[in-house]
Amino acid sequence: MSIFLLFQTDNWKSKASRVFFGAFDSRNKAIDFAKYNKLFCNTAEVVVVEVVLNQFGEV
């Protein structure tokens, strides 16, 4: 099972500038949320990160 985390960041997509906006069960819902709340603009980018849950392994 995986979830998708929605972030808004600067044009260079640096991790230091990320602002968390939510966790979603599909990439399409995350993109729709970003469009509805007008997170896309000429000075910011939207990043959707997929995170896999319940997966264990050796480090």
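Residues numbered from 1 in each chain as written. Predicted model: local features only at pLDDT ≥ 70, side-chain atom pairs only at ≥ 80, totals over all residues. Heavy atoms only, no water.

*Asks:* Explanation requested: the sheet that holds strand 3 (residues 45-52) in the structure shown.
*Replies:* Hydrogen bonds along the backbone pair up the strands of a sheet, which may run parallel or antiparallel. Here three strands make up an open sheet; going across it, the order is 2-1-3 and the pairing antiparallel. Edge positions in the sheet fall to strand 2 (19-24) and strand 3, since each has one partner strand and no second. Averaged over all pairs of adjacent strands, the angle between strand axes in this sheet comes to 25 degrees, irrespective of strand direction. Strand direction decides the pairing type here: strand 1 (residues 2-9) and strand 3, joined by eight bridges, are antiparallel. Directly across from Q8, in strand 3, lies its bridge partner V46. Sitting on the sheet, helix 1 (residues 27-36) is in contact with strand 1, strand 2 and strand 3, with an inclination near 155 degrees to strand 3. (Pairing = 2+ DSSP bridges. Helix = DSSP H or I, 4+ residues; strand = E, 2+ residues; numbered from the N terminus. Axes fitted to C-alpha atoms, helices over the stretch in contact; angles between N-to-C directions. Contact = heavy atoms within 4.5 Å.)

*Asks:* What's the story with the packing of aromatic side chains in this structure? I'm lost.
*Replies:* Each aromatic ring pair is described using two quantities: the centre-to-centre distance and the angle formed by the ring planes. Applying the stated criterion across every chain yields a total of two aromatic pairs. Positioned above the aromatic ring of F7, the side-chain terminus of R18 is 5.2 Å from the ring centre. (Phe/Tyr/Trp six-rings, centres within 6.5 Å; stacked < 30°, edge-to-face > 60°. Lys NZ or Arg CZ within 6 Å of the ring centre and 35° of its normal.)

*Asks:* Sorry if this is basic, but what is going on with unusual backbone geometry here?
*Replies:* Trans is the common state for peptide bonds, and a negative phi is the common state for residues other than glycine. The phi angle at K13 is positive, at roughly 55 degrees, despite the residue not being glycine. Tracing the backbone through its elements, the reader meets K13 in the loop between strand 1 and strand 2. The phi angle at K38 is positive, at roughly 55 degrees, despite the residue not being glycine. Among the structural elements, K38 can be located in the loop between helix 1 and strand 3.

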